[in-house]
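Next come the chains, spelled out residue by residue.
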Amino acid sequence: MLRIRAFKAPDDQDAGERFAVGHRKVLEDIGVKVTSGKNDWIDDPNVYVMVVEDTADNNEIVGGVRLHVANRVTVLPMVEAIAKVDARIYEEIDKLRDAGTAEICGIWNSRKIMGLGLGAIYLMRSSIALAPQVGLDTMLSFASRATRQRGYEKGFEPFTVVGNQGEFNYPKLDLIATAVVCYDPMELHLATEKERSEIFKLRERLNFRTTETWPKGEFELEYQLKLP
């Protein structure tokens, strides 16, 4: 069985370290060079983490996502990346920060669970489902060309005030990513009816087990989304 478990980063630093190792390997496999010293988020109380654990294999972490809440001390990962080519991002985040905004970032899954939709579907839904617990008025993310439609289905739209209508070369020059924003993560008016319904179900239940159906077959999935 797979389990999606949410926690504040400093509350489980061991899981944070294992998350970072797995994410680094996935990035290196697609040719993205990862520099050392970029895991400060493990100690950051403004970061929430969701890990995918394989409960049948000693709770091996096989995927995950991070939610970085904007604050006046640390810089959001996407802001750090975008500012190198478009400094307007600082002003735009300032407009959103005090009401509560956060970046969904670092989504990954290992080859072991590839093809189950854990990243673009289940982890994205889970991230948005955390908005009421964290107190968010907006949410931001980077989406690849392969995954941005999944984001639009969940209520996101291009963050057109930066870049080329929101588009950037990221995480390397030969890849295009779109900065996206959800202006109403509580109500999700732009989301499809199916995605809105699924996210609201997660918020209502938070901790439960279910059977998910995917083209490769069914799999058991446990959610532990209630933050301690």
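Look up a bit, the structure's there.
In this report, the structure presented in the accompanying data block is examined. (Residues numbered from 1 in each chain as written. Predicted model: local features only at pLDDT ≥ 70, side-chain atom pairs only at ≥ 80, totals over all residues. Heavy atoms only, no water.)

Of the regular secondary structure elements, the protein holds 7 helices and 10 strands. Scaling as 2.2 N^0.38, a compact globule of 228 residues should have a C-alpha radius of gyration of about 17 Å, and the protein matches this with 16 Å. Counting only C-alpha atoms, the protein reaches 45 × 40 × 35 Å along its principal axes. Every one of the 228 residues in the protein was classed for burial, and the buried ones make up 50%. Intrachain contacts of the protein at a sequence separation of at least 6 include 70% that bridge at least 24 residues. Working note: accessible area of the protein is about 11300 Å², and carbon and sulfur atoms make up 49% of it. Where the 30 positive side-chain charges of the protein centre and where its 35 negative ones centre are 3 Å apart. (Helix = DSSP H or I, 4+ residues; strand = E, 2+ residues; numbered from the N terminus. Rg over C-alpha atoms; globule rule 2.2 N^0.38 Å. Buried < 20%, exposed > 50% of the residue type's maximum accessible area, 1.4 Å probe, protein only. Contact = heavy atoms within 4.5 Å. Areas by Shrake-Rupley, 256 points an atom, 1.4 Å probe, with all protein chains shown as cover. Lys, Arg positive; Asp, Glu negative; His and termini not counted. Charge placed at Lys NZ, Arg CZ, Asp CG, Glu CD.)

Enumeration over the complete set of coordinates arrives at 0 disulfides. Of the cysteine sulfurs around Cys 105, a residue in no disulfide, the closest is that of Cys 182, at 16 Å. (Disulfide = S-S within 2.5 Å.)

A full pass over the atoms with the stated rule returns 19 salt bridges. A salt bridge links Lys 95 to Glu 92; its shortest N-O distance comes to 3.3 Å. With Lys 95 and Glu 92 both in helix α3 (residues 88-97), this residue pair falls 3 residues apart, about one helical turn. Glu 187 serves as the salt-bridge partner of Arg 196, at 3.5 Å between the closest nitrogen and oxygen. Look at Glu 187 and you get partly exposed, because its relative accessible area is 38%. Via salt bridges that share partners, Arg 3, Arg 5, Asp 12 and Glu 53 belong to a single interconnected network. (Salt bridge = Lys/Arg side-chain N within 4 Å of Asp/Glu carboxyl O.)

Next up on the list: the packing of aromatic side chains. Scanning all chains against the criterion turns up 5 aromatic pairs. Measuring from centroid to centroid gives 6.0 Å for Phe 142 and Phe 168, while their planes differ by 80°, and the two rings are edge-to-face. Note that Phe 142 is positioned in strand β5 (residues 138-144) and Phe 168 in strand β7 (residues 167-169), a separation of 26 residues in sequence. Looking at Phe 142, the relative accessible area reads 17%, which means it is buried. (Phe/Tyr/Trp six-rings, centres within 6.5 Å; stacked < 30°, edge-to-face > 60°.)

Attention shifts here to unusual backbone geometry. Here Gln 165, not a glycine, exhibits a phi torsion of approximately 55°, which is positive. Relative to the helices and strands, Gln 165 resides in the loop between β6 (157-158) and β7. Although it is not a glycine, Leu 206 adopts a positive phi angle of roughly 65°. Relative to the assigned elements, Leu 206 resides in the loop between α7 (193-205) and β9 (207-214).

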